[in-house]
Amino acid sequence: MYLFGFVFDLHYLCRQQVKYTIMKRMIVAMAVVGMSLTAVHAQIQQSQLKTGSDEQLLREWTKVLASDEFGGRKPMTTYEDKTVNYLARQLEEMGLEPAFDGSWFQPFNMIAVTAKPMGNKLSVRGRKKAELRYPDDAVVWTARATEKIDLRQTEYVFCGFGIHAPEYGWDDYAGIDVKGKIVIAMVNDPGYYDNQLFRGRNMTYYGRWVYKFEEARRQGAAGCLVLHNTEAASYGWHVCVNGHLTDNLALYNPDTRNADELAVKGWLHEHGAQKLFDAAGMDMGKAIAEAKRPGFKSFSLNVKGDVRMSATFNIRQTQNVGGILRGSQTDGEAVVLSAHWDHLGIGKPDEHGDTIYNGAADNASGMAGALLTAKKMKELPRTGRSLIFLFPSSEESGLFGSEYYCAHPVVEMKKTVACLNFESIGPAELTRDVVILGGGESPLDKYYIAAAAAQGRYIYFDDDNSDGWFFRSDHYNFVKKGVPAVVLENGQHPVDMSKPNKYPMPVWYHKPCDEYRDDWDVSGTLANVNLILSVALSLAD
């Protein structure tokens, strides 16, 4: 799951967010219910697909995809080829068709940029001089295919949250021209500080740092620095630094060489922001307090400085994987079932010296769930709508694979009726409840309620999105295009209280210890896979 663009119709998106405003409630309803890989010794063959139990297949797929032989499945490495070929082989063995004009693969280009300000600092001058030290005060980068960024005497503008949201009556860009300037925008949205604004602590997309860049770009800014706050961001400054010192990834447009991207993107530490305000001779605390209230007016800091960065970049290709079960209907509608294939690869060793970030839960378990669903769907009568099984690349680095797919879909977005995303679904013990983020007033609600009820379980719609979790996986790129999607999480009330989950997410998330173990409890994982299967069947027929 992604921790940390194409321009989309944001007003439509946020009308959808308002429409889907999550109402915390508990609903209880009960009812009756060949490419062979030389490095992979555990390849699942056709005979196993026919005879293996659901649990055997789920475990074996997870075990293989999370093995050291797959090297943590980092895109644009030799381990990508192993991973995508393995997935294609499984889909072929099941009898699916290639999704992309006769190919299992949808290639696209990425740019990886490592940038650093000259002299490891940004110098500014207002009433006073100031230096923002890199990376302690600010961490900056670019998505452009260039060896240098050279902005001279660029003005800095404080734009509050950097939000343009007519449906909430909020416009931080009203009455100010930011063209060619550097925008300072606070992380999160006004609701974090006042429950009467936006959706309260249930953060909207306007609160995401990627939105700040998108809106600054739409407004014609030269750059945008997001003002960090640990509580409002839900992660510390070290995350901002570690995630952007090297290999800043973005989709690459060969026609423009990404020249239409912001020249400068970055994070600004509160200490760095204080230096800017001191140089301006302004009260930072007062400005931030005013920015949290309706009616705030953005203003120039009357501080200017050069932004000069050296950069190295590489253009690399990665690929999504996809198979399709074609429906009988002639109108061409489809349901997408997705599970990202990538993880973090080989990196910093943990306390045991392990350097492979295997990604067993995140997201070998999700891929296994999607593969199991594909197998079971193939064995059932043909559905009316088509079923697309999509395995996007580069989710961990910014949801780029699903972003590319949504811009180049197999079935156009207006005919895609839903995205059902498999994200970190195992291990999970069987619970009486199933947690849904992004539901409550979604058109998908009734399908999840019925599917859970058929299992003797109930749906709990969780309205706590203060950390922005709903925006951090591939389904959200579909939401941005108007396609219904929610996030399914395991429940909080185990059927057998004596067998709690041995491996809760905080123990393994984005760590080398996210490895498959034979003592995984997958009873809840299998129940959740079957729940998604049931929803898919209802939507496809």
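Residues numbered from 1 in each chain as written. Predicted model: local features only at pLDDT ≥ 70, side-chain atom pairs only at ≥ 80, totals over all residues. Heavy atoms only, no water.

### Focus: the overall build of the chain
Scanning the chain for helices and strands turns up 15 helices and 22 strands. Seen through its C-alpha atoms, the chain measures out along the principal axes to roughly 75 × 50 × 50 Å. Counting across all 541 residues of the chain, residues that qualify as buried make up 59%. For the chain, the distance from the average position of its 58 positive side-chain charges to the average position of its 66 negative side-chain charges is 5 Å. (Helix = DSSP H or I, 4+ residues; strand = E, 2+ residues; numbered from the N terminus. Buried < 20%, exposed > 50% of the residue type's maximum accessible area, 1.4 Å probe, protein only. Lys, Arg positive; Asp, Glu negative; His and termini not counted. Charge placed at Lys NZ, Arg CZ, Asp CG, Glu CD.)

### Examining the domain arrangement of the chain
Interfaces are often sized by the accessible area lost when the parts come together. Assigned domains of the chain: these are domain 1 (44-103 + 326-540) and domain 2 (111-313). Counting from both sides, the interface comprises 15 residues of domain 1 and, opposite them, 14 residues of domain 2. Of the roughly 1200 Å² buried where domain 1 meets domain 2, counting both sides, 61% is carbon and sulfur surface. Of all residues in domain 1, the largest losses of buried area upon contact with domain 2 belong to Phe400, Ser466 and Phe471, amounting jointly to 40% of the total for that side. Seen at the junction of domain 1 and domain 2, the total is 1 salt bridge. The residue lysine 480 makes a salt bridge to glutamate 214 at a minimum N-O spacing of 3.8 Å. Where domain 1 packs against domain 2, one counts 2 residue pairs in polar contact (both at pLDDT 80 or more). The biggest single contributor to the side of domain 1 that touches domain 2 is helix α11 (residues 400-407), with 3 residues. Grouping the amino acids of the side of domain 1 that touches domain 2 by side-chain chemistry returns 5 nonpolar, 4 polar and 6 charged. (Domains from an automatic or database assignment. Contact = heavy atoms within 4.5 Å. Buried area = accessible area lost by both parts, 1.4 Å probe. Salt bridge = Lys/Arg side-chain N within 4 Å of Asp/Glu carboxyl O. Polar contact = N/O pair within 3.5 Å; in protein donor to acceptor, adjacent residues only side chain to side chain. Nonpolar A, V, L, I, M, F, W, Y, C, P; charged D, E, K, R; others polar.)

### Focus on helix α15 (residues 523-540)
The terminal C-alpha atoms of α15 lie 26 Å apart, and with 18 residues this matches the ideal 26 Å at 1.5 Å per residue to within 8%. With 13 of 18 residues buried, α15 lies mostly within the body of the structure. (Expected span 1.5 Å × (residues − 1).)

### Things to note about the packing of aromatic side chains
According to the stated counting rule, one finds 28 aromatic pairs in the structure shown. Ring geometry for tyrosine 168 against tyrosine 206: centres 6.2 Å apart, planes inclined by 80 degrees, an arrangement best described as edge-to-face. Taken as a pair, tyrosine 168 in the loop between β8 (164-165) and β9 (170-171) and tyrosine 206 in the loop between β10 (182-186) and α5 (209-218) lie far apart in primary sequence, 38 residues in all. Pairing tryptophan 209 with tryptophan 267 gives two aromatic rings, centres 5.9 Å apart and planes at 50 degrees, and the pair type is tilted. Taken together, the residues span a long stretch of sequence, with tryptophan 209 in helix α5 and tryptophan 267 in strand β13 (residues 264-268) at a distance of 58 residues. Given the relative accessible area of 0%, tryptophan 267 is considered buried. Here the aromatic residues Phe161, Tyr168, Trp170, Tyr192, Tyr193, Phe198, Tyr205, Tyr206, Tyr211, Phe470, Phe471 and Tyr476 are joined through ring pairs into a cluster of three or more. Cation over ring: lysine 292 sits above tyrosine 193, and NZ or CZ is 4.0 Å from the ring centre. (Phe/Tyr/Trp six-rings, centres within 6.5 Å; stacked < 30°, edge-to-face > 60°. Lys NZ or Arg CZ within 6 Å of the ring centre and 35° of its normal.)

### Regarding the side chain of histidine 244
Take histidine 244: it is sitting in the loop between α7 (237-242) and β12 (248-251). For histidine 244, a relative accessible area of 7% puts it in the buried group. Polar side-chain contacts of histidine 244 include one of 2.7 Å to the side chain of asparagine 248.

### Some words on the packing of helix α10 (residues 360-379) against α15
The contact between α10 and α15 brings their axes to 10 Å, and the two run at 50 degrees. On the basis of the axis angle, α10 is oblique to α15. Pair α10 / α15 crosses with right-handed handedness. When α10 is examined against α15, the residues Gly369, Leu372, Thr373, Lys376 and Met377 are found in contact with a partner set consisting of Leu526, Val529, Asn530, Leu533, Ala536 and Leu537. (Axes fitted to C-alpha atoms, helices over the stretch in contact; angles between N-to-C directions. Parallel < 35°, antiparallel > 145°, perpendicular 65-115°, else oblique. Left-handed = near helix turned anticlockwise from the far one by under 90°.)

### Remarks on the pairing of strand β11 (residues 223-227)
In regular strands, side chains alternate between the two faces of the sheet. Across the 5 residues of β11, 5 count as buried, placing the element largely inside the fold. The two faces of β11 match: Gly223, Leu225 and Leu227 on one face and Cys224 and Val226 on the other face are all buried. On the question of chirality, the crossover connecting β10 to the parallel β11 by way of α5 is right-handed. Two elements, β11 and β13, share 5 bridges in a ladder whose sense is parallel. Directly across from glycine 223, in β13, lies its bridge partner valine 264. (Right-handed = clockwise from strand over helix to strand, strands pointing away. Pairing = 2+ DSSP bridges.)

### Here we look at the pattern of salt bridges
Tallied over the entire structure, the rule returns 20 salt bridges. Put simply, glutamate 261 and lysine 265 hold a salt bridge, and the shortest N to O gap is 3.4 Å. Classification of glutamate 261 as buried rests on a relative accessible area of 10%. The buried category is assigned to lysine 265, whose relative accessible area is 13%. We note a salt bridge from glutamate 379 to lysine 375, for which the minimum N-O separation is 2.8 Å. Taken as a pair, glutamate 379 and lysine 375 lie in helix α10 at a separation of 4 residues, close to a single helical turn. Salt bridges here are not isolated pairs; linked through shared partners, they connect Arg217, Asp260, Glu261 and Lys265.

### Focus: the environment of threonine 525
Positionally, threonine 525 belongs in helix α15. Judged by relative accessible area, which is 1%, threonine 525 ranks as buried. Placed 99 residues apart in sequence, threonine 525 and glycine 426 show a C-alpha to C-alpha distance of 5.4 Å.

### Concerning the packing of helix α4 (residues 78-94) against α10
The contact between α4 and α10 brings their axes to 10 Å, and the two run at 15 degrees. The pairing of α4 with α10 is recorded here as roughly parallel in orientation. The interaxial crossing formed by α4 with α10 has right-handed handedness. Together, Leu87, Gln90, Leu91 and Met94 of α4 and Met367, Leu371, Ala374, Lys375 and Lys378 of α10 make up the contact between the two elements. Of the residues in the contact of α4 with α10, the class split is 6 nonpolar, 1 polar and 2 charged.

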